[in-house]
Amino acid sequence: MPTTSGRFRWRIVALLFLATTINYVDRQVLSFTMTDELFRKEMLEMTPETVLTKEATDRFKVLYGDVDAAFKFAYAIGFLLAGWLIDRIGTRRGFSLGILVWSIAAILTTFVNNIAGLRWTRALLGLGESANFPSSIKTIAEWFPRRERSFANGLFNAGANVGIILTALAVPYLILQFGWRSSFLVTGVLGFGLLFFWWSMYSKPERSPKLSPDELAYIRGYEEKAVPIKVSWGRLLGYKQTWAFAVGKFMADPIWWFYMSWLPDFFNSNDALDQKLDLKSFGVPFLIIYVVSDAGSVFFGWLSTQFMSWGWSANRARKTTMLICALCVVPIFFAAQTHSLTIAIALISLATAAHQGWSANMYTFASDLFPKNVVASVTGIGGMFGAVGGILLALLAGRIITAFGYLPMFIVASCSYLIALIIIHLVLPKLEPVRPEELLNEYSTSSKR
(Lines give C-alpha, C1' and ligand atoms only; values in the text may rest on other atoms or scores of the structure.)
Protein backbone atom coordinates (compact mmCIF):
# COMPACT_ATOMS: atom_id res chain seq x y z
CA MET A 1 0.00 0.00 0.00
CA PRO A 2 1.54 3.37 -0.95
CA THR A 3 2.31 5.91 1.73
CA THR A 4 1.49 9.57 1.53
CA SER A 5 3.98 11.57 -0.50
CA GLY A 6 3.45 15.12 -1.66
CA ARG A 7 0.89 17.77 -0.79
CA PHE A 8 -0.20 19.10 -4.16
CA ARG A 9 -3.70 17.63 -3.78
CA TRP A 10 -4.31 20.09 -0.94
CA ARG A 11 -3.82 22.96 -3.39
CA ILE A 12 -6.83 21.58 -5.25
CA VAL A 13 -8.80 21.83 -2.01
CA ALA A 14 -7.68 25.46 -1.72
CA LEU A 15 -8.99 26.11 -5.24
CA LEU A 16 -12.34 24.53 -4.35
CA PHE A 17 -12.39 26.57 -1.15
CA LEU A 18 -11.98 29.76 -3.21
CA ALA A 19 -14.73 28.69 -5.61
CA THR A 20 -17.15 27.89 -2.78
CA THR A 21 -16.36 31.20 -1.08
CA ILE A 22 -17.22 33.22 -4.18
CA ASN A 23 -20.24 31.03 -4.85
CA TYR A 24 -21.63 31.91 -1.44
CA VAL A 25 -20.77 35.59 -1.73
CA ASP A 26 -22.93 35.76 -4.86
CA ARG A 27 -25.86 33.91 -3.35
CA GLN A 28 -25.70 35.58 0.08
CA VAL A 29 -25.57 39.22 -1.03
CA LEU A 30 -29.37 39.45 -1.43
CA SER A 31 -30.12 38.54 2.19
CA PHE A 32 -28.20 41.60 3.38
CA THR A 33 -29.40 43.86 0.58
CA MET A 34 -33.02 43.07 1.44
CA THR A 35 -32.63 44.87 4.77
CA ASP A 36 -31.88 48.14 2.91
CA GLU A 37 -34.97 50.36 2.91
CA LEU A 38 -34.28 51.89 -0.51
CA PHE A 39 -33.91 48.42 -2.04
CA ARG A 40 -37.27 47.35 -0.61
CA LYS A 41 -38.94 50.45 -1.99
CA GLU A 42 -37.48 49.97 -5.47
CA MET A 43 -38.48 46.31 -5.60
CA LEU A 44 -42.01 47.31 -4.57
CA GLU A 45 -41.89 50.02 -7.27
CA MET A 46 -42.29 52.81 -4.72
CA THR A 47 -40.62 56.22 -4.84
CA PRO A 48 -37.77 56.91 -2.39
CA GLU A 49 -39.96 59.47 -0.60
CA THR A 50 -42.78 57.00 0.08
CA VAL A 51 -43.10 55.83 3.69
CA LEU A 52 -42.48 52.09 4.02
CA THR A 53 -45.35 50.90 6.21
CA LYS A 54 -45.51 47.64 8.16
CA GLU A 55 -48.01 46.30 5.64
CA ALA A 56 -45.61 47.07 2.79
CA THR A 57 -42.74 45.48 4.71
CA ASP A 58 -44.76 42.31 5.32
CA ARG A 59 -45.72 42.20 1.64
CA PHE A 60 -42.07 42.51 0.70
CA LYS A 61 -41.15 39.60 2.98
CA VAL A 62 -43.72 37.36 1.32
CA LEU A 63 -42.47 38.37 -2.14
CA TYR A 64 -38.88 37.87 -1.00
CA GLY A 65 -39.80 34.31 -0.01
CA ASP A 66 -41.17 33.77 -3.53
CA VAL A 67 -37.93 35.13 -5.05
CA ASP A 68 -35.96 32.77 -2.82
CA ALA A 69 -38.16 29.90 -4.00
CA ALA A 70 -37.43 30.82 -7.63
CA PHE A 71 -33.70 30.61 -6.90
CA LYS A 72 -34.11 27.19 -5.32
CA PHE A 73 -36.39 25.92 -8.10
CA ALA A 74 -33.72 26.71 -10.69
CA TYR A 75 -31.08 25.34 -8.31
CA ALA A 76 -32.96 22.03 -8.08
CA ILE A 77 -33.19 21.67 -11.85
CA GLY A 78 -29.61 22.85 -12.22
CA PHE A 79 -28.32 20.30 -9.74
CA LEU A 80 -29.66 17.45 -11.85
CA LEU A 81 -28.37 18.96 -15.09
CA ALA A 82 -25.00 19.90 -13.60
CA GLY A 83 -24.38 16.45 -12.15
CA TRP A 84 -25.28 14.80 -15.45
CA LEU A 85 -23.22 17.28 -17.49
CA ILE A 86 -20.12 17.12 -15.29
CA ASP A 87 -20.04 13.32 -15.41
CA ARG A 88 -20.07 13.56 -19.21
CA ILE A 89 -17.93 16.56 -20.20
CA GLY A 90 -15.64 16.60 -17.19
CA THR A 91 -15.19 18.76 -14.12
CA ARG A 92 -13.03 21.43 -15.73
CA ARG A 93 -15.47 22.35 -18.50
CA GLY A 94 -18.66 21.69 -16.52
CA PHE A 95 -17.67 23.84 -13.57
CA SER A 96 -16.41 26.59 -15.89
CA LEU A 97 -19.84 26.78 -17.50
CA GLY A 98 -21.52 27.02 -14.11
CA ILE A 99 -19.21 29.83 -12.95
CA LEU A 100 -19.86 31.75 -16.17
CA VAL A 101 -23.65 31.51 -15.80
CA TRP A 102 -23.77 32.53 -12.14
CA SER A 103 -21.39 35.47 -12.70
CA ILE A 104 -23.53 36.81 -15.54
CA ALA A 105 -26.64 36.45 -13.36
CA ALA A 106 -25.01 38.38 -10.50
CA ILE A 107 -24.11 41.28 -12.77
CA LEU A 108 -27.57 41.32 -14.38
CA THR A 109 -29.09 41.80 -10.92
CA THR A 110 -27.44 45.23 -10.90
CA PHE A 111 -30.03 46.38 -13.45
CA VAL A 112 -33.29 45.02 -11.99
CA ASN A 113 -36.05 47.45 -10.96
CA ASN A 114 -38.78 45.24 -9.54
CA ILE A 115 -39.56 41.87 -7.96
CA ALA A 116 -40.26 40.23 -11.33
CA GLY A 117 -36.80 41.11 -12.63
CA LEU A 118 -35.21 40.02 -9.37
CA ARG A 119 -37.00 36.68 -9.57
CA TRP A 120 -35.57 35.97 -13.04
CA THR A 121 -31.98 36.94 -12.22
CA ARG A 122 -32.02 34.90 -9.02
CA ALA A 123 -33.34 31.91 -10.95
CA LEU A 124 -30.46 32.24 -13.41
CA LEU A 125 -28.06 32.51 -10.47
CA GLY A 126 -29.46 29.30 -9.00
CA LEU A 127 -29.03 27.51 -12.32
CA GLY A 128 -25.34 28.44 -12.49
CA GLU A 129 -24.50 27.97 -8.82
CA SER A 130 -25.83 24.43 -8.85
CA ALA A 131 -22.56 23.35 -10.51
CA ASN A 132 -20.44 24.12 -7.44
CA PHE A 133 -21.04 21.10 -5.24
CA PRO A 134 -21.29 18.35 -7.90
CA SER A 135 -18.01 19.67 -9.33
CA SER A 136 -16.32 19.90 -5.95
CA ILE A 137 -17.42 16.48 -4.71
CA LYS A 138 -16.34 14.85 -7.96
CA THR A 139 -12.99 16.67 -7.75
CA ILE A 140 -12.44 15.37 -4.21
CA ALA A 141 -13.28 11.85 -5.40
CA GLU A 142 -10.72 12.20 -8.21
CA TRP A 143 -7.96 13.76 -6.11
CA PHE A 144 -8.24 12.04 -2.71
CA PRO A 145 -8.27 8.49 -1.34
CA ARG A 146 -11.45 7.55 0.46
CA ARG A 147 -10.07 7.89 3.98
CA GLU A 148 -9.18 11.58 3.43
CA ARG A 149 -12.36 12.69 1.69
CA SER A 150 -14.47 13.80 4.66
CA PHE A 151 -11.66 16.07 5.88
CA ALA A 152 -11.09 17.45 2.37
CA ASN A 153 -14.85 18.01 1.99
CA GLY A 154 -14.92 19.79 5.34
CA LEU A 155 -12.10 22.10 4.25
CA PHE A 156 -13.58 23.20 0.93
CA ASN A 157 -17.08 23.37 2.42
CA ALA A 158 -15.73 25.87 4.96
CA GLY A 159 -15.56 28.29 2.03
CA ALA A 160 -19.34 28.68 2.36
CA ASN A 161 -18.88 30.32 5.75
CA VAL A 162 -16.01 32.49 4.60
CA GLY A 163 -18.21 33.67 1.74
CA ILE A 164 -20.95 34.67 4.15
CA ILE A 165 -18.44 36.41 6.44
CA LEU A 166 -17.01 38.40 3.54
CA THR A 167 -20.52 39.31 2.44
CA ALA A 168 -21.49 40.46 5.94
CA LEU A 169 -18.38 42.64 6.15
CA ALA A 170 -18.23 44.04 2.61
CA VAL A 171 -21.79 44.26 1.30
CA PRO A 172 -23.18 46.60 4.00
CA TYR A 173 -20.22 48.93 3.34
CA LEU A 174 -20.85 48.87 -0.42
CA ILE A 175 -24.56 49.56 0.07
CA LEU A 176 -23.99 52.43 2.49
CA GLN A 177 -21.26 54.02 0.37
CA PHE A 178 -22.29 53.30 -3.23
CA GLY A 179 -25.87 52.01 -3.18
CA TRP A 180 -27.28 48.48 -3.30
CA ARG A 181 -26.56 47.95 -7.01
CA SER A 182 -22.81 48.11 -6.43
CA SER A 183 -22.92 44.99 -4.23
CA PHE A 184 -24.19 42.81 -7.10
CA LEU A 185 -21.77 44.32 -9.60
CA VAL A 186 -18.69 43.73 -7.44
CA THR A 187 -19.63 40.18 -6.49
CA GLY A 188 -20.38 39.32 -10.13
CA VAL A 189 -16.94 40.52 -11.21
CA LEU A 190 -15.37 38.21 -8.60
CA GLY A 191 -16.92 35.27 -10.43
CA PHE A 192 -15.13 36.11 -13.66
CA GLY A 193 -11.85 36.20 -11.74
CA LEU A 194 -12.64 32.75 -10.37
CA LEU A 195 -13.38 31.48 -13.88
CA PHE A 196 -9.89 32.51 -15.00
CA PHE A 197 -8.22 30.76 -12.05
CA TRP A 198 -10.24 27.57 -12.41
CA TRP A 199 -9.73 27.21 -16.16
CA SER A 200 -5.99 27.87 -15.95
CA MET A 201 -5.22 25.77 -12.85
CA TYR A 202 -7.44 22.69 -12.80
CA SER A 203 -6.82 19.34 -14.46
CA LYS A 204 -7.26 15.68 -13.57
CA PRO A 205 -4.46 14.14 -11.46
CA GLU A 206 -3.09 12.11 -14.38
CA ARG A 207 -2.75 15.26 -16.48
CA SER A 208 -1.24 17.51 -13.82
CA PRO A 209 2.47 18.21 -14.45
CA LYS A 210 2.89 19.40 -10.85
CA LEU A 211 1.70 16.17 -9.24
CA SER A 212 4.52 13.80 -8.31
CA PRO A 213 4.32 10.12 -9.31
CA ASP A 214 4.47 9.15 -5.63
CA GLU A 215 1.49 11.33 -4.73
CA LEU A 216 -0.48 10.03 -7.71
CA ALA A 217 0.28 6.48 -6.57
CA TYR A 218 -0.92 7.38 -3.06
CA ILE A 219 -4.18 8.81 -4.43
CA ARG A 220 -4.77 5.83 -6.68
CA GLY A 221 -3.60 3.29 -4.11
CA TYR A 222 -7.01 3.33 -2.43
CA GLU A 223 -8.92 3.69 -5.67
CA GLU A 224 -12.02 1.75 -6.57
CA LYS A 225 -12.44 0.36 -10.06
CA ALA A 226 -13.74 2.77 -12.65
CA VAL A 227 -17.12 2.20 -14.25
CA PRO A 228 -16.61 2.49 -18.02
CA ILE A 229 -20.30 3.26 -18.65
CA LYS A 230 -22.69 6.15 -18.16
CA VAL A 231 -25.39 5.50 -15.58
CA SER A 232 -28.83 7.12 -15.87
CA TRP A 233 -30.64 8.94 -13.06
CA GLY A 234 -33.40 6.35 -13.19
CA ARG A 235 -30.96 3.53 -12.45
CA LEU A 236 -29.28 5.50 -9.68
CA LEU A 237 -32.68 6.09 -8.07
CA GLY A 238 -33.06 2.33 -7.84
CA TYR A 239 -30.38 2.17 -5.15
CA LYS A 240 -31.16 2.71 -1.48
CA GLN A 241 -27.78 4.44 -1.14
CA THR A 242 -29.06 7.24 -3.39
CA TRP A 243 -32.19 7.63 -1.26
CA ALA A 244 -30.20 7.76 1.98
CA PHE A 245 -28.13 10.61 0.55
CA ALA A 246 -31.23 12.35 -0.82
CA VAL A 247 -33.04 12.22 2.55
CA GLY A 248 -30.07 13.79 4.32
CA LYS A 249 -30.07 16.63 1.81
CA PHE A 250 -33.85 17.09 1.72
CA MET A 251 -34.09 17.49 5.50
CA ALA A 252 -30.97 19.58 6.19
CA ASP A 253 -30.32 21.82 3.16
CA PRO A 254 -33.52 23.88 3.59
CA ILE A 255 -32.44 24.77 7.15
CA TRP A 256 -29.09 26.08 5.97
CA TRP A 257 -30.78 28.13 3.24
CA PHE A 258 -33.20 29.48 5.81
CA TYR A 259 -30.24 30.76 7.83
CA MET A 260 -28.69 32.36 4.78
CA SER A 261 -31.88 33.98 3.56
CA TRP A 262 -33.44 35.14 6.81
CA LEU A 263 -30.83 35.63 9.56
CA PRO A 264 -30.14 39.26 8.61
CA ASP A 265 -33.87 40.00 8.86
CA PHE A 266 -34.15 38.01 12.10
CA PHE A 267 -31.54 40.20 13.73
CA ASN A 268 -32.93 43.34 12.07
CA SER A 269 -36.64 42.96 12.82
CA ASN A 270 -37.00 40.61 15.83
CA ASP A 271 -38.66 42.73 18.52
CA ALA A 272 -37.84 40.17 21.24
CA LEU A 273 -34.11 40.93 21.12
CA ASP A 274 -32.69 43.55 23.45
CA GLN A 275 -30.56 44.86 20.59
CA LYS A 276 -31.27 44.86 16.86
CA LEU A 277 -28.72 44.79 14.05
CA ASP A 278 -28.64 46.79 10.82
CA LEU A 279 -26.30 47.38 7.88
CA LYS A 280 -23.89 49.23 10.16
CA SER A 281 -23.67 46.48 12.78
CA PHE A 282 -24.10 43.14 10.97
CA GLY A 283 -20.36 42.60 10.55
CA VAL A 284 -19.10 41.36 13.94
CA PRO A 285 -22.06 39.09 14.86
CA PHE A 286 -22.01 37.41 11.45
CA LEU A 287 -18.23 37.12 11.65
CA ILE A 288 -18.65 35.22 14.93
CA ILE A 289 -21.43 32.98 13.60
CA TYR A 290 -19.63 31.90 10.47
CA VAL A 291 -16.13 31.63 11.93
CA VAL A 292 -17.66 29.15 14.36
CA SER A 293 -19.41 27.49 11.39
CA ASP A 294 -16.07 27.20 9.61
CA ALA A 295 -14.60 25.54 12.66
CA GLY A 296 -17.54 23.13 12.72
CA SER A 297 -17.07 22.20 9.06
CA VAL A 298 -13.38 21.43 9.53
CA PHE A 299 -13.74 19.84 12.99
CA PHE A 300 -16.59 17.47 12.18
CA GLY A 301 -14.95 16.56 8.87
CA TRP A 302 -11.77 15.79 10.79
CA LEU A 303 -13.66 13.93 13.56
CA SER A 304 -15.15 11.42 11.15
CA THR A 305 -11.72 10.85 9.61
CA GLN A 306 -10.22 10.48 13.10
CA PHE A 307 -12.79 7.87 14.08
CA MET A 308 -11.90 5.88 10.97
CA SER A 309 -8.18 6.13 11.81
CA TRP A 310 -9.03 4.44 15.13
CA GLY A 311 -10.36 1.49 13.19
CA TRP A 312 -14.05 2.42 13.16
CA SER A 313 -16.07 1.48 10.10
CA ALA A 314 -17.22 4.25 7.78
CA ASN A 315 -20.79 3.49 8.91
CA ARG A 316 -20.02 3.98 12.59
CA ALA A 317 -17.74 6.98 12.06
CA ARG A 318 -20.07 8.92 9.76
CA LYS A 319 -23.29 8.25 11.68
CA THR A 320 -21.75 8.96 15.09
CA THR A 321 -20.42 12.28 13.83
CA MET A 322 -23.78 13.15 12.28
CA LEU A 323 -25.58 12.27 15.54
CA ILE A 324 -23.36 14.70 17.43
CA CYS A 325 -24.13 17.35 14.81
CA ALA A 326 -27.88 16.70 15.04
CA LEU A 327 -27.86 17.04 18.83
CA CYS A 328 -25.97 20.33 18.62
CA VAL A 329 -28.80 21.84 16.55
CA VAL A 330 -31.62 20.96 18.96
CA PRO A 331 -31.28 24.03 21.28
CA ILE A 332 -31.67 26.54 18.43
CA PHE A 333 -35.42 26.91 19.00
CA PHE A 334 -34.57 28.97 22.09
CA ALA A 335 -32.90 31.61 19.87
CA ALA A 336 -36.36 32.83 18.86
CA GLN A 337 -37.41 33.20 22.52
CA THR A 338 -34.40 34.76 24.21
CA HIS A 339 -34.10 38.51 24.70
CA SER A 340 -30.32 38.34 24.69
CA LEU A 341 -28.58 39.05 21.41
CA THR A 342 -25.47 37.29 22.76
CA ILE A 343 -27.34 34.06 23.55
CA ALA A 344 -29.10 34.13 20.17
CA ILE A 345 -25.77 34.50 18.38
CA ALA A 346 -24.26 31.65 20.44
CA LEU A 347 -27.13 29.25 19.72
CA ILE A 348 -27.17 30.06 16.02
CA SER A 349 -23.37 29.71 15.85
CA LEU A 350 -23.58 26.23 17.36
CA ALA A 351 -26.37 25.21 15.00
CA THR A 352 -24.64 26.49 11.86
CA ALA A 353 -21.36 24.81 12.89
CA ALA A 354 -23.24 21.54 13.37
CA HIS A 355 -24.95 21.92 10.00
CA GLN A 356 -21.61 22.38 8.25
CA GLY A 357 -20.26 19.29 9.98
CA TRP A 358 -23.37 17.39 8.88
CA SER A 359 -22.93 18.68 5.34
CA ALA A 360 -19.25 17.70 5.16
CA ASN A 361 -20.16 14.13 6.11
CA MET A 362 -23.22 14.00 3.87
CA TYR A 363 -21.15 14.98 0.83
CA THR A 364 -18.74 12.20 1.69
CA PHE A 365 -21.68 9.79 1.42
CA ALA A 366 -21.70 10.25 -2.35
CA SER A 367 -18.04 9.32 -2.78
CA ASP A 368 -18.22 6.62 -0.07
CA LEU A 369 -21.20 4.85 -1.59
CA PHE A 370 -20.67 5.19 -5.36
CA PRO A 371 -17.80 4.85 -7.88
CA LYS A 372 -16.28 8.19 -8.83
CA ASN A 373 -17.72 8.01 -12.38
CA VAL A 374 -21.22 8.65 -11.00
CA VAL A 375 -20.41 10.80 -7.96
CA ALA A 376 -21.43 14.07 -9.66
CA SER A 377 -24.75 12.56 -10.79
CA VAL A 378 -25.53 11.23 -7.30
CA THR A 379 -24.55 14.58 -5.79
CA GLY A 380 -26.83 16.26 -8.30
CA ILE A 381 -29.77 14.04 -7.37
CA GLY A 382 -29.23 14.68 -3.66
CA GLY A 383 -28.81 18.40 -4.26
CA MET A 384 -32.04 18.43 -6.25
CA PHE A 385 -33.91 16.89 -3.32
CA GLY A 386 -32.31 19.42 -0.98
CA ALA A 387 -33.41 22.23 -3.27
CA VAL A 388 -36.97 20.88 -3.43
CA GLY A 389 -37.08 20.97 0.35
CA GLY A 390 -35.69 24.49 0.16
CA ILE A 391 -38.43 25.54 -2.28
CA LEU A 392 -41.15 24.29 0.05
CA LEU A 393 -39.64 26.03 3.07
CA ALA A 394 -38.96 29.25 1.12
CA LEU A 395 -42.56 29.48 -0.08
CA LEU A 396 -43.79 29.12 3.50
CA ALA A 397 -41.11 31.05 5.38
CA GLY A 398 -42.20 34.60 4.57
CA ARG A 399 -45.83 33.82 5.30
CA ILE A 400 -45.06 32.00 8.57
CA ILE A 401 -42.70 34.72 9.77
CA THR A 402 -45.13 37.56 9.10
CA ALA A 403 -47.97 35.65 10.79
CA PHE A 404 -46.26 33.92 13.74
CA GLY A 405 -42.71 35.21 14.01
CA TYR A 406 -39.53 33.14 13.88
CA LEU A 407 -40.28 30.51 16.55
CA PRO A 408 -41.99 27.96 14.23
CA MET A 409 -39.06 28.14 11.81
CA PHE A 410 -36.51 27.50 14.54
CA ILE A 411 -38.55 24.59 15.90
CA VAL A 412 -38.44 22.99 12.45
CA ALA A 413 -34.67 23.55 12.36
CA SER A 414 -34.13 22.00 15.79
CA CYS A 415 -35.61 18.61 14.93
CA SER A 416 -34.89 18.17 11.20
CA TYR A 417 -31.44 16.62 11.57
CA LEU A 418 -32.42 13.98 14.12
CA ILE A 419 -35.39 12.95 12.00
CA ALA A 420 -33.15 12.79 8.93
CA LEU A 421 -30.58 10.59 10.69
CA ILE A 422 -33.27 8.17 11.87
CA ILE A 423 -34.62 7.83 8.33
CA ILE A 424 -31.11 7.42 6.89
CA HIS A 425 -30.38 4.63 9.34
CA LEU A 426 -33.66 2.88 8.54
CA VAL A 427 -33.02 3.13 4.80
CA LEU A 428 -29.34 2.21 5.03
CA PRO A 429 -28.43 0.45 8.30
CA LYS A 430 -24.90 -0.02 7.00
CA LEU A 431 -23.05 2.25 4.57
CA GLU A 432 -22.43 -0.45 2.01
CA PRO A 433 -21.09 0.99 -1.24
CA VAL A 434 -22.50 0.17 -4.64
CA ARG A 435 -19.75 -1.83 -6.27
CA PRO A 436 -18.72 -1.10 -9.87
CA GLU A 437 -19.51 -4.71 -10.74
CA GLU A 438 -23.15 -4.19 -9.71
CA LEU A 439 -23.53 -1.26 -12.09
CA LEU A 440 -21.83 -3.19 -14.87
CA ASN A 441 -23.91 -6.33 -14.33
CA GLU A 442 -27.16 -4.34 -14.22
CA TYR A 443 -26.13 -2.46 -17.34
CA SER A 444 -25.38 -5.73 -19.15
CA THR A 445 -28.72 -7.23 -18.07
CA SER A 446 -30.76 -4.18 -19.12
CA SER A 447 -28.95 -3.84 -22.46
CA LYS A 448 -29.89 -7.42 -23.39
CA ARG A 449 -33.59 -6.86 -22.84
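Residues numbered from 1 in each chain as written. Predicted model: local features only at pLDDT ≥ 70, side-chain atom pairs only at ≥ 80, totals over all residues. Heavy atoms only, no water.

Once that is clear, we can look at a nonpolar patch on the surface. On the surface, a cluster of nonpolar side chains totalling about 520 Å² of accessible area is made up of Leu97, Leu100, Ile104, Leu108, Phe111 and Phe192. Broken down by element, the residue count for the nonpolar patch peaks at 4 residues, all from helix H4 (residues 91-108). By the secondary structure assignment, Ile104 is in helix H4. Judged by its relative accessible area of 37%, Ile104 is partly exposed. (Patch = residues over 30% accessible without salt bridge, like charges linked within 9 Å, V, L, I, M, F, W, Y side chains within 5 Å. Areas by Shrake-Rupley, 256 points an atom, 1.4 Å probe, with all protein chains shown as cover. Salt bridge = Lys/Arg side-chain N within 4 Å of Asp/Glu carboxyl O. Helix = DSSP H or I, 4+ residues; strand = E, 2+ residues; numbered from the N terminus. Buried < 20%, exposed > 50% of the residue type's maximum accessible area, 1.4 Å probe, protein only.)

On to the packing of helix H14 (residues 314-329) against helix H15 (residues 341-369). Two elements in contact, H14 and H15, have axes separated by 8 Å at closest approach and are oriented at 155°. Classified by the angle between their axes, H14 and H15 sit roughly antiparallel to one another. Between H14 and H15 lies a crossing whose hand is left-handed. From H14, Arg318, Thr321, Met322, Cys325, Ala326, Cys328 and Val329 reach across to H15, where they touch Leu350, Ala351, Ala354, Gly357, Trp358, Asn361, Met362, Thr364, Phe365 and Asp368. Here the residues of the contact of H14 with H15 are counted per class, giving 11 nonpolar, 4 polar and 2 charged. (Axes fitted to C-alpha atoms, helices over the stretch in contact; angles between N-to-C directions. Parallel < 35°, antiparallel > 145°, perpendicular 65-115°, else oblique. Left-handed = near helix turned anticlockwise from the far one by under 90°. Contact = heavy atoms within 4.5 Å. Nonpolar A, V, L, I, M, F, W, Y, C, P; charged D, E, K, R; others polar.)

Here the focus is unusual backbone geometry. Its identity as a non-glycine residue notwithstanding, Glu45 has a phi of 60°, on the positive side. Along the chain, Glu45 turns up in the loop between helix H2 (37-43) and helix H3 (54-89).

In this section: empty space enclosed by the protein. Counted by the stated rule, this structure contains 3 cavities of 30 Å³ or more. Space inside the largest cavity adds up to approximately 110 Å³. In this structure, the largest cavity is lined by 14 residues; those nearest its centre are Tyr24, Lys249, Asp253, Trp256 and Tyr363. At the level of secondary structure, the elements contributing two or more residues to the lining of the largest cavity comprise helix H1 (8-33), H3, helix H12 (240-269) and H15. The class makeup of the residues in the lining of the largest cavity is 7 nonpolar, 4 polar and 3 charged. If you add up the space inside the second largest cavity, you get close to 100 Å³. Lining the second largest cavity we find Arg27, Gln28, Leu30, Ser31, Tyr64, Asp68, Phe71, Lys72, Arg122, Trp257, Met260 and Ser261. Counting residues per element, the ones that place at least two in the lining of the second largest cavity are H1, H3 and H12. Its residues placed into classes, the lining of the second largest cavity shows 5 nonpolar, 3 polar and 4 charged. (1 Å grid on protein atoms, 1.4 Å probe; cavity = no way out; pocket = protein on both sides within 12 Å on 5 of 7 lines; lining within 4 Å. Points joined across faces, edges and corners; volume = space filled by probe spheres on them.)

Without other data, these values stay purely geometric and don't point to any function.
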